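Chain and residue survey
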Amino acid sequence: MEEHYNSYGSNFLDVKPDMYTYNSLIFAWLRSDLGKTSAENAESILRLLIEKYDNGEKEYLPSQKAFCSVVNAWSKSFVPSDTVDHNSWINNKSLSEAYSVKRAMGLLELMERMYSEGINSLKPDVITYTSVIDSIARSRMTEGSEMAFELLHKMERRFKKSGDKSMKPNVKSYSCVLQSLIHSQRADKHNRANGVLEHMKQMDVEPNSFTYNYVINCAATVQGDEAVKMDAFKIALNAFTNLRSSPDHQTDSFTFAFFLKACCLMPMTKLRSEIATKTFQECCSYGKVNDEVIKRLSRVFMDEPEELRAILKCNKANAKFVTAYDLPKSWSQHAAGKKKSRGRKNL
């Protein structure tokens, strides 16, 4: 259409594409679910609009929604291939996710520049910044948490300075920052995650199930000596306890899986076995057992197969290969990610 208009102008037929046409193309690509291809094509159309606007065609100013939608596309852009080996997949995944973060950050910087030049409709707000932080969290980059905290602090500074509520971080903002911490190599990341929880109270932002789950999982991934691991376990236990007692938010399968993962931080004692057993029994009573919960329980009792078999109440020869399908249906009736097939999912 654009090529036809450039060739003939409006003398033959008025087919000049308008904003509706370009927006339709952007969102069609975003709905195409083609990973990187979708994000690249949507961004190329977005940048074409910006180029037109900069060249004086002011009717082609993109919307804030279009910017944020393309940023979201980059955060979900990596699609693994079944045709590559595992090591190649990991390497390609890391490169792709770093590239995705770079593109998302580039769009945010472009919005900030255009807003500073007086285009008020492109003011980045909490949705914009949180979309970029989400992209960073999904990337699983070890240095991603530093970038996420930097964006969070930028939002907080602007909110405190101006009182502009559109810049106040919300529960998703903080939860995405916590998610980015999980893959950090910081020795104190459990303390930093707990600090985010405390800071949310000061900002009058209530944590939700995702927030607590990410704190538990962050603590569960801590490396260090026995004292450091026990400190991390206490933080995981505190988050687990607070979520279980919350009148507004509920545990899910991930909560129990992450906390069982955190139990491995403890020394191999009777206390560890008791805590893990009671956690699994509670999970069963709520019907939230899935394969990941079983996997994490198996790791707690890795050297105690008979005790594991007794807890699972399963006669299967090797309890390590038990799936939710092998257990009473009531144990998994409310489980997340429940699968109908018998096969064990690789997690």
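Here the structure is shown first, and the text comes after it.
A brief report on the enclosed structure follows. Everything quoted here is computed from the prediction, not taken from an experiment.

When you go through the protein residue by residue, the secondary structure sums to 15 helices and 0 strands. Across the 347 residues in the protein, those meeting the buried criterion constitute 47%. For the protein, long-range pairs separated by at least 24 residues make up 66% of all intrachain contacts whose partners lie at least 6 apart in sequence. Surface accessibility of the protein: about 18400 Å² in total, with carbon and sulfur atoms responsible for 50%.

As a rule of thumb, non-glycine residues mostly have phi less than zero, and peptide bonds are mostly trans rather than cis. Although it is not a glycine, Asp 204 adopts a positive phi angle of roughly 60 degrees. Among the secondary structure elements, Asp 204 is positioned in the loop between α9 (189-202) and α10 (209-220). On the basis of relative accessible area, Asp 204 is assigned to the exposed category, the value being 65%. With a phi close to 55 degrees, Lys 313 is a non-glycine residue in the positive phi region. On the secondary structure map, Lys 313 appears in the segment after α15 (305-312).

In terms of burial, helix α12 (residues 253-263) is largely enclosed, as 10 of its 11 residues are buried. Listed in full, the buried residues belonging to α12 are Ser 253, Thr 255, Phe 256, Ala 257, Phe 258, Phe 259, Leu 260, Lys 261, Ala 262 and Cys 263. On its buried face, α12 sits against α10, α11 (226-244), α13 (270-285) and α14 (291-300). The backbone nitrogen of Phe 254 lies 3.0 Å from a side-chain oxygen of the residue at the head of α12, namely Asp 252.

Looking now at the side chain of Thr 279. If you trace the backbone, Thr 279 turns up in helix α13. In terms of polar contacts, Thr 279 uses its side chain to reach the backbone carbonyl oxygen of Ile 275, at 2.7 Å. Setting aside chain neighbours within four positions, we find Thr 279 in contact with Phe 240, Phe 256, Phe 259 and Leu 260.

Looking at where Asp 134 falls in the secondary structure, it is placed in helix α6 (residues 126-139). For Asp 134, a relative accessible area of 6% gives the class buried. With 14 residues separating them along the chain, Asp 134 and Ala 148 place their C-alpha atoms 8.5 Å apart. When residues no more than four places from it in sequence are discounted, the contact partners of Asp 134 are Ser 75, Cys 176 and Gln 179.

Looking now at the packing of aromatic side chains. Following the criterion strictly, the structure yields 8 aromatic pairs and no others. For the ring pair Trp 74 and Tyr 99, a centre distance of 5.6 Å and an interplane angle of 85 degrees mean the geometry is edge-to-face. Highlighted residues: Trp 74 in helix α4 (residues 64-75) and Tyr 99 in helix α5 (residues 86-116), separated in sequence by 25 residues. Taking the relative accessible area as the measure of exposure, Tyr 99 reaches 30% and is therefore partly exposed.

With that settled, the discussion passes to the pattern of salt bridges. Applying the stated criterion to the full structure yields 16 salt bridges. Asp 188 is the partner of Arg 186 in a salt bridge, and the nearest nitrogen-oxygen pair spans 2.9 Å. For Arg 186, a relative accessible area of 30% translates into the label partly exposed. By sharing partners, the salt bridges in this structure join Glu 146, Arg 186, Asp 188 and Arg 192 into a single network.

Turning next to the nonpolar core. Counting residues in hydrophobic clusters, the biggest one holds 96 residues, and the most contacted among them are Phe 67, Phe 280 and Leu 312. Per-element tally for this core: the top contributor is α5, with 8 residues. Contact partners of Leu 312, with chain neighbours within four places excluded, come to Phe 280, Ile 294, Leu 297, Ala 319, Val 322, Leu 327 and Trp 331.

With that settled, consider the packing of α10 against α11. α11 packs onto α10 with a crossing angle of 160 degrees between their chain directions and a minimal axis gap of 8 Å. Viewed along their axes, α10 and α11 adopt a mutual orientation that is roughly antiparallel. The way α10 lies across α11 gives a crossing that is left-handed. In this structure, α10 uses Ser 209, Tyr 212, Asn 213, Val 215, Ile 216 and Ala 219 to contact α11, whose residues at the interface are Ala 232, Ile 235, Ala 236, Ala 239, Phe 240, Asn 242 and Leu 243.

With 16 residues, α13 extends 22 Å from end C-alpha to end C-alpha; this agrees with the ideal 22 Å at 1.5 Å per step. Of all the residues in α13, the buried ones are Arg 272, Ser 273, Ala 276, Thr 277, Thr 279, Phe 280, Glu 282, Cys 283 and Cys 284. Against α11, α12, α14 and α15 lie the buried residues of α13. Taken from the residues just after α13, Gly 287 is the one with a positive phi, measuring 70 degrees.

The rules behind these values
Residues numbered from 1 in each chain as written. Predicted model: local features only at pLDDT ≥ 70, side-chain atom pairs only at ≥ 80, totals over all residues. Heavy atoms only, no water. Helix = DSSP H or I, 4+ residues; strand = E, 2+ residues; numbered from the N terminus. Buried < 20%, exposed > 50% of the residue type's maximum accessible area, 1.4 Å probe, protein only. Contact = heavy atoms within 4.5 Å. Areas by Shrake-Rupley, 256 points an atom, 1.4 Å probe, with all protein chains shown as cover. Polar contact = N/O pair within 3.5 Å; in protein donor to acceptor, adjacent residues only side chain to side chain. Phe/Tyr/Trp six-rings, centres within 6.5 Å; stacked < 30°, edge-to-face > 60°. Salt bridge = Lys/Arg side-chain N within 4 Å of Asp/Glu carboxyl O. Core = buried A, V, L, I, M, F, W, Y, C linked by side-chain atoms within 4.5 Å. Axes fitted to C-alpha atoms, helices over the stretch in contact; angles between N-to-C directions. Parallel < 35°, antiparallel > 145°, perpendicular 65-115°, else oblique. Left-handed = near helix turned anticlockwise from the far one by under 90°. Expected span 1.5 Å × (residues − 1).

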